[in-house]
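Descriptive structure summary
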Amino acid sequence: MYTIEWQKRGLPHVHILIWLKDSSHVHRVYDFISAEILNPQEDPDLFFIVKKQMVHGTCGSINPRSPCMKDGICTKRYPRLFLKETQTGQDGYPLYRRRSSQDGGFTANINCRGSEVSLDNTWIVPYCPLLTKIFNAHINVEYCNSVKSIKYVCKYVNKGSDMAVFELASGENDLNDIRQYQMGRYISSNEAVWIILNFPIHE
């Protein structure tokens, strides 16, 4: 099941929900989902892709002006905690293995706001190594065992279009709120073409 939405810059963004034929134990999750920086010696290509595409932010004390920050805290809950093994979470999503340097984890240096920063596994967004390497893109993959995940995807089907609030100003000192503000549907050129050509939005 999938649904497509458009981000403010006009790029398509897809949410996909896949049901597995056979149930998978939490300890097998790491076979197809990782939240770690890989050993650069074993697979240098994937190491650089993860370093470029799958690092969250950065935010927090490193970059307090990041868009994900609210009241001094990251709304996406980064950096995450170190874990030696993947565990079952309380909200239907597992807590992925994120080893520290002492437990065999690796670090990567990235450029943040003009300076080089060393990041560890607490900043890595969960990903599927195969998909990440094939598409060289940011593809967040999560293992879900809760009905909340279905609700999460379904809400995008019924969410409706993005809205933009803009102000219509004149030279006069006019404080009429109805005249000054108008709710408008926000459609990028990419979304317009997608709709005109009747490409599917959800299925």
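Quick note: structure is the one above.
Residues numbered from 1 in each chain as written. Predicted model: local features only at pLDDT ≥ 70, side-chain atom pairs only at ≥ 80, totals over all residues. Heavy atoms only, no water.

Bringing the side chain of Thr 58 into the picture now. Within the secondary structure, Thr 58 sits in the loop between helix 1 (44-53) and strand 3 (69-70). Those residues in contact with Thr 58, other than ones at most four positions away along the chain, are Asn 63, Ser 66, Ile 110, Cys 112, Leu 119 and Trp 123. (Helix = DSSP H or I, 4+ residues; strand = E, 2+ residues; numbered from the N terminus. Contact = heavy atoms within 4.5 Å.)

Counting across every chain of the model gives three aromatic pairs. With a centroid separation of 5.3 Å and 80° between ring planes, the pair formed by Trp 194 and Phe 199 is classed as edge-to-face. The exposure class of Trp 194 is partly exposed, given its relative accessible area of 22%. Here the aromatic residues Trp 6, Trp 194 and Phe 199 are joined through ring pairs into a cluster of three or more. The side chain of Arg 80 reaches across the aromatic face of Tyr 78, ending 4.4 Å from its centre. (Phe/Tyr/Trp six-rings, centres within 6.5 Å; stacked < 30°, edge-to-face > 60°. Buried < 20%, exposed > 50% of the residue type's maximum accessible area, 1.4 Å probe, protein only. Lys NZ or Arg CZ within 6 Å of the ring centre and 35° of its normal.)

Quick look at unusual backbone geometry now. Glycine aside, negative phi is the norm for most residues, and most peptide bonds take the trans geometry. Residue Tyr 78 is joined to Pro 79 through a cis peptide bond whose omega torsion reads -5°. Among the structural elements, Pro 79 can be located in the loop between strand 4 (73-74) and strand 5 (108-112). Positive phi is not limited to glycine here, since Arg 77 has a value of about 65°. When you line up the elements, Arg 77 lands in the loop between strand 4 and strand 5. Relative accessible area serves as the criterion here: at 55%, Arg 77 is assigned to the exposed category.

This part covers the pattern of salt bridges. One side chain can pair with another of opposite charge once the charged atoms of both are near each other. Enumeration according to the criterion identifies three salt bridges in this entry. Residue Glu 36 pairs with Arg 99 through a salt bridge whose shortest N-O separation is 3.0 Å. One end of the pair, Glu 36, is in the loop between strand 2 (12-16) and helix 1; the other, Arg 99, is in the loop between strand 4 and strand 5, with 63 residues separating them in the sequence. Overall, the relative accessible area of 1% leaves Glu 36 in the buried class. When salt bridges that share partners are traced, they join Glu 36, Arg 97 and Arg 99 into one network. (Salt bridge = Lys/Arg side-chain N within 4 Å of Asp/Glu carboxyl O.)

Here we come to the pairing of strand 2. As paired strands, strand 1 (residues 2-6) and strand 2 are joined by five bridges and run antiparallel to one another. In the strand pairing of strand 2, Trp 6 is matched with Pro 12. (Pairing = 2+ DSSP bridges.)

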